[in-house]
Amino acid sequence: MLIKYFILIFIVLFLFPILIVTIISIITIFLMNFSKFIKSENILQNIITFSLVIIMFLIELLIMNNISDINNYSREISNEGYVVDGKFIKSQYDELTNTFLIINPSIEILNSESGFLNVIFNILKLIIYSMITILLFLIVGRKNYIRNILRFSVKFKKRKRNRKKINMETRKERNIALEYIRKEIKNLFRNSIFFIQTVLPVIILIVSIINIGVFVISVINLAAESDSQIRDTLNNISFDFEMICVILSALQVLFSISGISLTAVSREGRDAIFIKYIPIDLYKQFIYKNVLQVLLDIMIAIAVLWILYYLLPVIGIGNIILLFIISMFMNLINSYLMLIVDIRRPNLNWDSEYDVVKKNPNKIFQYGFMIIMIIILLYMSKLFKTFELNVVISLIIEIVVFLVVFLVIDIIVRKSKDKLFNNIN
């Protein structure tokens, strides 16, 4: 019996890695082809990191959905307690493990209760999966090899020259704004330290918010179905001024995580002096440098409000939209003011990228602004409660207030742009 087990485990250890290795090899070939279009290794590393985060998020979401299904449907509530439906749990478990092709066959091979025919059948499964992936690897590798040969042929070189000419012509026709924004994004992706310190935390935050939110929603829904007291507590929650204050304050804190606007000029280093001399209006450059920070914060606001909409249906879609509009003006004000701080107090003579991000003395202004915004939101909440205003009216008032503040800042920047950028030298 022991000899049989060692023989089977040898077979599994021999066949199990083939599928994984060949899949990784195929992915590597595609990445090598992709790397030909991206000359910078740092940009390629950032793209791969971002892709891995998305893949891990999707895998976790798949697993959590299966766990949620098990929790929702495998328990029947009775007066005596929970009755577990074992067959359903097994079916859900099998469905989850079947998603990963080589796990179930490997387990069945090593299972002492598996019969001889079952063991042979699962060994054949592993062999077939391995042969399919090896065949795919050979096809992909062969095509890649042929492309590499053609790359050095005369015809291929002529086509490449023609494509370059077309690309140069189309680039000239592109909008200056898009080119400037593209340059800002490219600089962030090109430098891995700037990307990891400013962009990656926001991406991880958004993924975590969605991941945790989906799990919390499923758990709360399950608890509400099983416990009438929890269900009554959730039904008694009302959308009031305090909740508005908490939601908007939380969003303001999340907006303060990324320092893209706070380091937009400092990241340029000594080359920032060219901002004043390139043939693009300074006000327009100011707008373009805010774009990435604003876009990332919009993604945060959408993720948070989407979770809240499903977690607390009492809020309603109309109030969610109003909250989103308020958050957008808060987002713009935050980004504008932090960029103004960086323009007025730039750190251009840095020796290491860490000095710009980690040792940035301007962070105190970000924290100070965050505290001031939370105090303003608390004061407005108390004011609305004192006058017993309608929730919708109070949200509209907040929209008007933050819109006016944003317009005032925008007008000041537009009129004093030359004076504002004088500190860059």
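Up top is the structure these notes are about.
Here goes a summary of the coordinates provided. Treat the numbers as computed from the prediction; the structure is a model and nothing was measured.

Next up on the list: the pattern of salt bridges. Evaluated as defined, the whole model comprises eight salt bridges. For Arg 182, the salt bridge is made with Glu 179, and the minimal N-O distance between the two is 3.7 Å. One end of the pair is Arg 182 and the other is Glu 179, both in helix H7 (residues 176-190) and three residues apart, which spans about a single turn. The partner of Lys 417 in a salt bridge is Asp 281, and the shortest N-O contact between them spans 2.6 Å. Of this pair, Lys 417 sits in helix H16 (residues 417-420) while Asp 281 sits in the loop between helix H10 (241-255) and helix H11 (282-311), placing them 136 residues apart in sequence. One salt-bridge network, in which partners are shared between bridges, spans Lys 183, Glu 184, Glu 268 and Lys 289.

Time to look at the side chain of Ser 394. Along the chain, Ser 394 turns up in helix H15 (residues 391-415). On the accessibility criterion, Ser 394 (0% relative accessible area) is buried. Setting aside its immediate chain neighbours within four residues, Ser 394 contacts Phe 241, Ile 244 and Phe 384.

Below, the discussion takes up the environment of Leu 378. Along the chain, Leu 378 falls in helix H14 (residues 363-386). Given a relative accessible area of 49%, Leu 378 falls into the partly exposed group.

With respect to the element layout, Ile 24 can be found in helix H1 (residues 2-35). The partly exposed category is assigned to Ile 24, whose relative accessible area is 47%. Spatially, the C-alpha atoms of Ile 24 and Phe 137 are 9.7 Å apart, while their sequence positions differ by 113 residues.

It is at 5 Å that the axes of H7 and helix H8 (residues 192-226) come closest, and there the two elements cross at 105°. When the axes of H7 and H8 are compared, the pair comes out roughly perpendicular. Along the contact surface, H7 presents Leu 188, Phe 189 and Arg 190, while H8 presents Ser 192, Phe 194, Phe 195, Thr 198 and Val 199. Grouping the constituent residues of the contact of H7 with H8 by class yields five nonpolar, two polar and one charged.

Within the structure shown, the criterion is met by eight aromatic pairs. For the ring pair Tyr 180 and Tyr 288, a centre distance of 5.4 Å and an interplane angle of 50° mean the geometry is tilted. Of the two residues, Tyr 180 is situated in helix H7 and Tyr 288 in helix H11; the sequence distance between them amounts to 108 residues. By relative accessible area, Tyr 180 is classed as buried at 5%. Judged by relative accessible area, Tyr 288 falls into the buried class, the value being 13%. For the ring pair Phe 194 and Trp 350, a centre distance of 6.1 Å and an interplane angle of 85° mean the geometry is edge-to-face. Note that Phe 194 is positioned in helix H8 and Trp 350 in the loop between helix H12 (317-344) and helix H13 (353-357), a separation of 156 residues in sequence.

The rules behind these values
Residues numbered from 1 in each chain as written. Predicted model: local features only at pLDDT ≥ 70, side-chain atom pairs only at ≥ 80, totals over all residues. Heavy atoms only, no water. Salt bridge = Lys/Arg side-chain N within 4 Å of Asp/Glu carboxyl O. Helix = DSSP H or I, 4+ residues; strand = E, 2+ residues; numbered from the N terminus. Buried < 20%, exposed > 50% of the residue type's maximum accessible area, 1.4 Å probe, protein only. Contact = heavy atoms within 4.5 Å. Axes fitted to C-alpha atoms, helices over the stretch in contact; angles between N-to-C directions. Parallel < 35°, antiparallel > 145°, perpendicular 65-115°, else oblique. Nonpolar A, V, L, I, M, F, W, Y, C, P; charged D, E, K, R; others polar. Phe/Tyr/Trp six-rings, centres within 6.5 Å; stacked < 30°, edge-to-face > 60°.

Purely spatial values, then, with no claim about function.
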